[in-house]
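Each chain, letter by letter, is given below.
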Amino acid sequence: MSDESLIAAIQKRNETVIHEIITKYSRLLWSVAGAVLNNIGSAQDVEECVADTFIYLWEHPDKYDPRRGKLKTWLSMIARTRALNRYREIAKRNTVPLEDTAIIDCLAIVDNFLQEETRKTLLAALNALSEPDREILLRRYYYNQKPREIALALNMSVKQIDNRLYQTKRRLRKALSD
């Protein structure tokens, strides 16, 4: 059957012919729409584009002009257009509105402020520590020394270092929570 006779049969609402066209061109249109929606759309999106193409053919068979190309090409163009429109819809849904980015920026400023305040409070609490507690804490957490190394350097036992670290961390935690 020629493209013109297929279109004439569709215009007469011949359902057998539309089913034949669906069977014949489904795979082609699936690959056309799938190529456009490759990394952004789902299989359901591709399927809807293909179905929309056949619905368009059923509702508007008079739009096909055999002088401008084959039915296969015309259907491919419709499927591609439908897929591009779907691509734009999906991309629009996945875009964060400008207002939301402004809120995110404000939250980042608040977080930075809170971190700065916490840092100031921690420095004040560290400066308030007496020796050797401040030195033990700095050696352990700033210079990453093991309690055994600290004990040797300060002429103390490892048990004393562990106890002082525990008590100092507890005091710092209390100072930060207040």
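In this text the structure is predicted, and so the values were computed from the model without any measurement.

1. Some points on helix α3 (residues 43-59)
Part 1: The end-to-end C-alpha distance of α3 is 24 Å, a good match for the 24 Å that 17 residues give at a rise of 1.5 Å each.
Part 2: Along α3, the residues that are buried comprise Asp45, Val46, Cys49, Val50, Thr53, Phe54 and Leu57.
Part 3: The inward-facing, buried residues of α3 abut α1 (3-11), α2 (15-36) and α4 (71-93).

2. Some words on the layout of surface pockets
Part 1: What the largest pocket holds in volume is close to 190 Å³.
Part 2: Leu122, Leu126, Leu137, Leu138, Tyr141, Tyr142, Lys169, Leu172, Arg173 and Leu176 together form the lining of the largest pocket.
Part 3: At the level of elements, α5 (98-127), α6 (133-142) and α8 (158-177) are the ones that each hand at least two residues to the lining of the largest pocket.
Part 4: Looking at the lining of the largest pocket residue by residue, the class counts come to eight nonpolar, no polar and two charged.

3. Considerations on the pattern of salt bridges
Part 1: Taken as a whole and judged by the stated rule, the model has eight salt bridges.
Part 2: Residue Arg134 pairs with Glu131 through a salt bridge whose shortest N-O separation is 3.1 Å.
Part 3: Classification of Arg134 as partly exposed rests on a relative accessible area of 24%.
Part 4: Each of Asp45, Glu48, Arg86 and Glu89 takes part in a single network of salt bridges with overlapping partners.

What counts and how
- Residues numbered from 1 in each chain as written.
- Predicted model: local features only at pLDDT ≥ 70, side-chain atom pairs only at ≥ 80, totals over all residues.
- Heavy atoms only, no water.
- Helix = DSSP H or I, 4+ residues; strand = E, 2+ residues; numbered from the N terminus.
- Expected span 1.5 Å × (residues − 1).
- Buried < 20%, exposed > 50% of the residue type's maximum accessible area, 1.4 Å probe, protein only.
- Contact = heavy atoms within 4.5 Å.
- 1 Å grid on protein atoms, 1.4 Å probe; cavity = no way out; pocket = protein on both sides within 12 Å on 5 of 7 lines; lining within 4 Å.
- Points joined across faces, edges and corners; volume = space filled by probe spheres on them.
- Nonpolar A, V, L, I, M, F, W, Y, C, P; charged D, E, K, R; others polar.
- Salt bridge = Lys/Arg side-chain N within 4 Å of Asp/Glu carboxyl O.

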